[in-house]
Amino acid sequence: MRLIFLLFLFLFFSCKSAKVEENVLAKPDIRATTYLTFLASDDLNGRDTGTPGIEKAASYIEQVFSSSDIKPFFDSYRDPFKVKDLEAFNVVGYIEGNDPDLKDEYILVGAHYDHIGQRAKPVNKDSIANGANDNAAGTVAVLMIAEELKRLNTNKRSIIFALFSAEEMGLQGSKHLSQRLSTLGIDLYTVVNFEMIGVPLI
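Owing to the predicted nature of the structure, the values given are computational and were not obtained by experimental measurement.

The rules behind the values
For every chain, the first residue of the written sequence is number 1, and numbering continues from 1 along that sequence. Reporting of local features is limited, given that this is a predicted model, to residues whose pLDDT is at least 70; pairs of side-chain atoms are given and counted only at 80 or more, and all residues count toward the totals for whole chains, interfaces and linings. Heavy atoms from the whole structure form the basis of all side-chain values; hydrogens and water molecules are not counted. Here, a salt bridge means any side-chain nitrogen of Lys or Arg that lies within 4 Å of a carboxyl oxygen of Asp or Glu. Comment: elements are numbered from the N terminus, with helices defined as DSSP H or I runs of at least four residues and strands as E runs of at least two. When accessible area is computed with a 1.4 Å probe and restricted to protein chains, residues below 20% of their type maximum are described as buried, those above 50% as exposed, and intermediate ones as partly exposed. Axis definition: a line fit to C-alpha positions, over the contact stretch in the case of helices; interaxial angles, taken between N-to-C directions, run 0 to 180 degrees. Each angle is binned into one of four classes, with values under 35 degrees roughly parallel, values over 145 roughly antiparallel, values of 65 to 115 roughly perpendicular, and all other values oblique. Should the near helix be turned counterclockwise from the far one by less than a right angle, the crossing is left-handed, whereas a clockwise turn marks it as right-handed. Here, residues are in contact when the closest pair of their heavy atoms is within 4.5 Å. Lys, Arg, Asp and Glu make up the charged group, whereas Ala, Val, Leu, Ile, Met, Phe, Trp, Tyr, Cys and Pro make up the nonpolar group; the residues left over, Gly among them, are polar. Pairing between strands is defined by DSSP: at least two bridges between them are needed. As used here, the term nonpolar core means buried Ala, Val, Leu, Ile, Met, Phe, Trp, Tyr and Cys residues forming a set that is joined through side-chain atoms within 4.5 Å. Helices are assigned an expected span. That span is 1.5 Å times one less than the residue count. It is the directions from the helix axis to the C-beta atoms that the arc portrays. Ring pairs shown here join Phe, Tyr and Trp side chains whose ring centres sit within 6.5 Å, with only the six-membered ring taken for Trp; geometry is labelled stacked below 30 degrees between planes, edge-to-face above 60, and tilted in between.

### Here we look at the pattern of salt bridges
Item 1. Summed over all chains, the structure comprises 10 salt bridges.
Item 2. Among the salt bridges present, the one from glutamate 55 reaches arginine 78, with a minimum N-O distance of 2.9 Å. Of this pair, glutamate 55 sits in helix α3 (residues 52-67) while arginine 78 sits in strand β2 (residues 78-83); the two residues are 23 residues apart in sequence, bridging distant segments of the chain.
Item 3. In this structure glutamate 55 comes out as partly exposed when scored by relative accessible area, which is 33%.

### Structural notes on unusual backbone geometry
Most peptide bonds take the trans configuration, and most residues that are not glycine carry a negative phi.
Item 1. The peptide bond linking aspartate 134 to asparagine 135 adopts the cis configuration, its omega dihedral lying at 5°.
Item 2. Of note, asparagine 135 is situated in helix α4 (residues 132-152).
Item 3. Unlike most non-glycine residues, asparagine 153 shows phi in positive territory, near 55°.
Item 4. Take asparagine 153: it is sitting in the loop between α4 and β7 (158-164).
Item 5. Asparagine 153 sits in the partly exposed class, given a relative accessible area of 47%.
Item 6. In this structure, methionine 196 takes a positive phi of about 55° despite not being glycine.
Item 7. With respect to the helices and strands, the residue methionine 196 is situated in the segment after β8 (187-193).

### Focus: the packing of helix α2 (residues 28-39) against α3
Item 1. Their axes nearest at 10 Å, the elements α2 and α3 cross at an angle of 160°. Viewed along their axes, α2 and α3 adopt a mutual orientation that is roughly antiparallel. Both α2 and α3 take part in a crossing whose hand is right-handed. Here Thr34, Tyr35, Phe38 and Leu39 of α2 lie close against α3, whose contacting residues are Lys56, Ala57, Tyr60 and Val64.
Item 2. The class makeup of the residues in the contact of α2 with α3 is 6 nonpolar, 1 polar and 1 charged.

### Observations concerning the pairing of β2
Item 1. With 6 bridges joining them, β2 and strand β3 (residues 86-95) adopt antiparallel strand pairing. Of the residues in β3, the one forming a bridge with arginine 78 is valine 91.
Item 2. Linking two consecutive strands that pair antiparallel, namely β2 and β3, is a turn of 2 residues; a positive phi of about 55° is found at lysine 84 within it.

### Details of the nonpolar core
Item 1. Residues Phe65, Val91, Val109, Tyr113, Phe161, Leu163 and Phe194 are the most contacted members of the largest nonpolar core, which totals 33 residues.
Item 2. Broken down by secondary-structure element, the contributors of at least two residues to this core are α2, α3, β3, β4 (105-112), α4 and β7.
Item 3. Examining the composition of this core, we find that 9 residues originate from one element, α4, more than from any other.
Item 4. Counting residues in hydrophobic clusters, the runner-up holds 10 residues, among them Phe73, Phe74, Leu108 and Ile160.

### Structural notes on helix α5 (residues 172-183)
Item 1. Given a rise of 1.5 Å per residue, 12 residues ought to cover 16 Å, and the 17 Å separating the end C-alpha atoms of α5 matches this to within 8%.
Item 2. Gly173, His176, Leu177 and Leu181 are the residues of α5 that are buried. Angularly, the buried residues of α5 cover 125° about the axis, an arc narrow enough to put them on a single face. The outward face of α5, more than 90 degrees from its buried face, is lined by the exposed residues Gln179, Ser182 and Thr183.

### Remarks on the packing of aromatic side chains
Item 1. On inspection of all chains with the given rule, the structure shows 6 aromatic pairs.
Item 2. Ring plane angle 20° and centroid distance 4.1 Å describe the contact between phenylalanine 38 and tyrosine 60, whose orientation is recorded as stacked. Residue phenylalanine 38 is located in helix α2, and its partner tyrosine 60 is located in helix α3; the two are separated by 22 residues in the primary sequence.
Item 3. Among the residues examined, phenylalanine 38 registers a relative accessible area of 27% and is labelled partly exposed.

Below you can see the structure in the form of C-alpha cells.
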C-alpha cells in the first residue's frame, strides 16, 4: 500500500489534471507557480519563525485549505507552540477517510513552510533568504496534493496535511506535532515529507 501511495504521488506530479474550469484552480502549472511566487516573495521576508512574514505565509496556506474545503485537523488550522520566547504554529488540515474500517488510520503528508529570514551577509546587496526551494517548493507540493485528493475524494484512510514551522530552528514544528498526535493516540499509517524538491530548468 505504501508503494502504491508513493507511485500515486509520482504520477500526480508527472501529469496534468483535467481542466475543470477556466481559473487558476483548474490549471496545476499556473497554480504551482502562483503559490510558489507568493511564498518565496520578498514580501514574506524569508518566513522566519515569529515574524510577520511567516504569519502571512500561514494565512495564505489557510486560505488555500479553506478554498478547497480541506478541514482543520484541530479546532483551527493553526497548531500553536512556543520556541524559546517565540510564538510559532504549524498549519494542519485533513481529509477524512471514506472507509469505516480504515478511516481511523492516518497518512501524514508534510513539509516545512518556514525559512531563515534574512542573511547576516547580503548577496549582491540582497539580504532576504527567499527559500523558494527550502522549502516553499515542498509546501506547494503538499497544497497541491491536498487539493487533488480532496477533488478525487477516494481516500480510504484519513490524510493529515501538515505544514511545519520552526524546522530551521531544530525541527521544532514536526517534534511538536509528533508529540501531540501521540498524546491523542493517532495511528499514523505512513508519513511522506517533502523537502527541497525544486530542480533548475535547463
